[in-house]
Amino acid sequence: AELLYEEDNIPDARALLDWALPHMEQSDAWVDVYSAAYFTEARLLAGEGALDEARAVVARAKRVASRRRLRQLELLADVFEIELHLAYGGDVDSARKAAESVNLDQYTDIITEDVPHYRPVVLAAALCRVKIRLLDGNIEAAMADIENLRAWANQRGAGRLLIDINILAAFGYRAVGAIAESKACFDDAVGIAMFQGIARPFIDARQFVQPCLEEAMSADTEVDRFRGQFLKSLAKSITASRNTDTVLGLFTEAEAEVLFYLSKGHSNKEIARLIGMSPDTVKYRLKSVFRKIGVSKRRDAVRISAERWNLPAPIASINVAGAELSEQ
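How each quantity is defined
- Residues numbered from 1 in each chain as written.
- Predicted model: local features only at pLDDT ≥ 70, side-chain atom pairs only at ≥ 80, totals over all residues.
- Heavy atoms only, no water.
- Helix = DSSP H or I, 4+ residues; strand = E, 2+ residues; numbered from the N terminus.
- Buried < 20%, exposed > 50% of the residue type's maximum accessible area, 1.4 Å probe, protein only.
- Contact = heavy atoms within 4.5 Å.
- Phe/Tyr/Trp six-rings, centres within 6.5 Å; stacked < 30°, edge-to-face > 60°.
- Core = buried A, V, L, I, M, F, W, Y, C linked by side-chain atoms within 4.5 Å.

Caption draft 1: Quick peek at the side chain of Asn166. Within the element layout of this structure, Asn166 appears in helix α10 (residues 159-175). Given the relative accessible area of 3%, Asn166 is considered buried. Setting aside residues no more than four positions away along its own chain, Asn166 makes contact with Arg150, Cys185, Phe186, Asp188, Ala189 and Ile192.

See below:
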């Protein structure tokens, strides 16, 4: 299931986990088996926009870790919660607070040891710290962490890890204007991944991948067919995932943004000012949103958005009840 997920074969991964995970919970297993099952399941759920359900799976992993005294599994669950904030929630502040609460640095800083204790925890923690530092703009520190990870991976032939490392390094180099180095790192990541059919590292790290991918697709006019198809497939999957981020893929990003502000009780003119588009464009977007939901009134769109997607209801002082699309 974990391998199928890495290949972005979500239906088959889901089918295996639906059968295997309940059986696993009734048996004794190695930490590697528990972590593969729980965290693949959590990634599947988070990728579908079901973040609460994903966190519930991580909580199940922690309960098993506590009951069976599997300290490494408990630590991996702590680190994975940080990853959920970064990859699916887009919440760097929450990720940073979670990292501080588990003292992420104490695991990351021992990456240079020949045989670090709890090696999977150390590697996962190091990758999380790199992402936080990159998103915070602390590029120099992030690149230092990346080089430590690269040295470790090269010594052990850890090709899968090198995909993550090169993706993050490409983003870091690009942030400081080192475009040639960025392109080389991204090419290395693609070269390792495409022959193994591995796609999810790019999709799950899309906030780091997107600019590099767009550049690669526009620059490679004479790229070989296999690599070109792989890049196009990545772009398509990343677009689909971004749509999942915007209310489970039902709306475009622009429509989801308009719906968000509508759900908070803003008028068309206020929405237009907040997101920098004309009131007529807002009205057009709302027509599309209403058509997809199957409503004709603002109050019904607000009600459904709260019921289906947990978008905030408008504050009581703002009257949206009964107002039609043509309002304001």
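Caption draft 2: Summary view of the packing of aromatic side chains. One pass over the full model with this rule turns up six aromatic pairs. Between Phe195 and Phe226, the aromatic rings sit 5.6 Å apart at their centres with planes inclined by 25°, giving stacked as the arrangement. Highlighted residues: Phe195 in the loop between α11 (179-194) and α12 (200-204) and Phe226 in helix α14 (residues 225-245), separated in sequence by 31 residues. For Phe195, a relative accessible area of 63% corresponds to the exposed category. Its relative accessible area of 41% is what places Phe226 among the partly exposed residues. Clustering of aromatic rings is evident, with ring pairs tying together Phe186, Phe202 and Phe230.

Caption draft 3: Local environment of the nonpolar core. Tyr38, Phe39, Leu73 and Ile82 are the most contacted members of the largest nonpolar core, which has 44 residues in total. Taken together, the elements giving at least two residues each to this core come down to α2 (10-25), α3 (31-47), α4 (51-67), α5 (71-89), α6 (92-101), α7 (104-108) and α8 (119-136). Residue contributions to this core peak at eleven residues, all from α5. Residues in contact with Leu73, not counting those within four places in the same chain, are Val31, Tyr34, Ser35, Phe39, Ala61, Val64 and Ala65. Core analysis: the next-biggest nonpolar cluster, separate from the first, contains 43 residues, Ala126, Leu134, Ile165 and Leu234 among them.

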